[in-house]
Amino acid sequence: MNPSRTELLRWQLAGQFLTSPAPGTAVAAGLCGLQAQYLSNAVYSLYLRSGSADTAGLVKSWTLRGTLHLFPASDFFLYHPDAPGVEGIFETPYGRWLYNGHCAVPRERMLLFARTVAGGLGDAPVSRDALRELCRQAGMTRQEEERVFDGWGGVIRLLSEAGVLCGSPREARMYLRAPALPPVRREQAELELVRRYLLHYGPATLRDGAYFFRWPQKKLRELFAAADAKTLAFGGRTYFYLTEPESLPPLPRCVFLAGFDPFLLGHEKKESLYLPPAHLRDIFNNTGIVFPALLADGVVKGKWKEQPRRIEVILFEPLSRPQQQAMLRTAARLWPDKPVVLVQRPFDF
C-alpha cells in the first residue's frame, strides 16, 4: 500500500471525526479524551466533530500527558487503571511525585484532608470552595491550604488519580464522586487506548504515538504489535494503522481547529504532514500553548481567535481565492453573528 500525502490526510481527518462526524461521547471516547485545561477548547473540539457542544455523559480528570481531559464517564478507569482509592493516594503517579520532595504537608495530614474531601463528594457537583471549607473545619491551616488546594493539583488531583473524584464537564472547579465502575487492569487499559489511537489518529508513526502518550517507543512498539497493527510506508517513515477504510470523504477546503486540538496533538509536531516547519512556533509556542489553527487544503496557513464581536484570523501565508471563500463560508456557518477580520502579516518572499 503506497498512499499519497493527500490520501493520508483524508484518512487521518476522517478518523478524527473532522470529515466523518459522530455523537459527542463517541468523539471523546475515540480520541482518547479532549485536552481541557481550557475547557472552551475541548468543547469546541467536540462541537467541530459532533455538531453539538453538549457535554452530557462526560467528565474531567488528569489523564494522558498529565493534563486535564474531557472524556466519557464510562471510560474513567481506562485512564485510572488499578486505582488504589483514598488510602492509596500516595501510590499514584502524582502522589509519588508530590512526596518526592515537592510537598511540605506531612502524609498523615494530606491523607486526613483527602478523606475529608472524599466524604464531601456526591453525585451532584460540589465546588472547590465548599470542599476547601470542609478541610478548614477539619483543622487545615492557612499554610497547609496553599499545598492541599494547590492550583496545579493538590488533594483534588491525588483523589482523581486514585479513582475517587472527577471534575464536572460544565463548570470549572466543580467536582463529584467518580463513576461506580468495575476496575480495569493497566495492561487492558493501555491496549484499549492504543487501539483507539491507531483507529482515530492513524496512520501514525511510533514517534507520533510516543509524542501523544508520552510513552517510550519500545513500549508503543509492543502495544502496536499486541493490537495487530498493520504498516505502510510514506516519506521514508513507517506508519501504523488498524484497518484500511473502504472509502474516504474528500479533503475539506477549510477547517478551523481548536486550541490544543487532537488533530494537532496526535502527531509529532516536527514531523507533521500538515504543519510546515516555518509555522511550527506560530502554533506551538515556547510556553506550551497550542493555538487554534486554520487548515486550508490540508496545510496550516494561519491561526484564529474568537473575540467578543469578531473572529480574528492571522494568516501565515496567502490564501488562494477559493481557500479564502471557503474560509469565510465556514466561519459564517460556525459563527453566524461574527464577521471575520483578516490580519495578514508580511511575508518573506
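In this convention, every chain numbers its residues from 1, walking through the sequence in written order. Confidence filtering applies because this is a predicted model: local features only for residues at pLDDT of at least 70, side-chain atom pairs given and counted only at 80 or more, and all residues used for totals across whole chains, interfaces and linings. Side-chain calculation: all heavy atoms of the structure are included, whereas hydrogens and water are not.

Draft legend 1. Quick peek at the nonpolar core. By nonpolar core is meant a set of buried Ala, Val, Leu, Ile, Met, Phe, Trp, Tyr and Cys residues that side-chain atoms within 4.5 Å join together. Buried, partly exposed and exposed residues are distinguished by accessible area as a fraction of the type maximum, computed with a 1.4 Å probe on protein chains only: under 20%, between the cut-offs, and over 50%, respectively. Core analysis: the largest hydrophobic core is formed by 43 residues, its most contacted members being Phe-256, Tyr-274, Ile-283 and Phe-284. Excluding its chain neighbours within four sequence positions, the residues that come into contact with Ile-283 are Leu-264, Leu-275, Ile-289, Val-290, Phe-291, Pro-292, Ala-293, Val-300, Gly-302, Lys-303 and Phe-316. Counting residues in hydrophobic clusters, the runner-up holds 42 residues, among them Phe-17, Leu-220, Leu-223 and Leu-242. In what follows, residue pairs with any heavy atoms lying within 4.5 Å of each other are defined as contacts.

Draft legend 2. Spotlight on the packing of helix α11 (residues 206-213) against helix α12 (residues 217-226). Every angle, taken between N-to-C directions, lies between 0 and 180 degrees, and every axis is a line fitted to C-alpha atoms, over only the stretch in contact when it is a helix. Strands are runs of DSSP state E lasting at least 2 residues, helices are runs of H or I lasting at least 4, and numbering of each runs from the N terminus. The contact between α11 and α12 brings their axes to 9 Å, and the two run at 110°. As judged from the angle between their axes, α11 and α12 are roughly perpendicular. In this structure, α11 contributes Leu-206, Arg-207, Gly-209, Ala-210 and Phe-213 to the contact, and α12 contributes Gln-217, Leu-220, Arg-221 and Phe-224. When its residues are assigned to classes, the contact of α11 with α12 shows five nonpolar, two polar and two charged. These descriptions rest on fixed angle ranges, namely under 35 degrees for roughly parallel, over 145 for roughly antiparallel, 65 to 115 for roughly perpendicular, and the rest for oblique. The classification used treats Ala, Val, Leu, Ile, Met, Phe, Trp, Tyr, Cys and Pro as nonpolar, Asp, Glu, Lys and Arg as charged, and all other residues, Gly among them, as polar.

Draft legend 3. Region of the structure containing the packing of aromatic side chains. Whether two aromatic rings pair depends on their centres lying within 6.5 Å, for rings of Phe, Tyr and Trp, where Trp uses its six-membered ring; planes under 30 degrees apart make the pair stacked, over 60 edge-to-face, and the rest tilted. By the definition in use, this model includes 22 aromatic pairs. Judged by centre distance (4.7 Å) and plane angle (45°), the rings of Tyr-201 and Phe-212 are tilted. Here the residue Tyr-201 occupies a position in helix α10 (residues 186-201), and Phe-212 occupies one in helix α11, the gap between them amounting to eleven residues. An identical accessibility class is assigned to Tyr-201 and Phe-212; each is buried. For the ring pair Phe-234 and Tyr-239, a centre distance of 6.4 Å and an interplane angle of 70° mean the geometry is edge-to-face. Taken together, Tyr-44, Tyr-47, Phe-256, Trp-304 and Trp-335 form an aromatic cluster joined through their ring pairs.

Draft legend 4. Structural detail: the packing of α10 against α11. Where α10 contacts α11, the axes come no closer than 12 Å and their chain directions differ by 120°. As the angle between them shows, α10 and α11 are arranged oblique. Seen along the crossing, α10 lies across α11 with a hand that is right-handed. Side by side, α10 and α11 meet where Leu-193, Val-194, Tyr-197 and Tyr-201 of the first sit next to Asp-208, Gly-209, Phe-212 and Phe-213 of the second. Of the residues contributing to the contact of α10 with α11, the split by class is six nonpolar, one polar and one charged. Should the near helix be turned counterclockwise from the far one by less than a right angle, the crossing is left-handed, whereas a clockwise turn marks it as right-handed.

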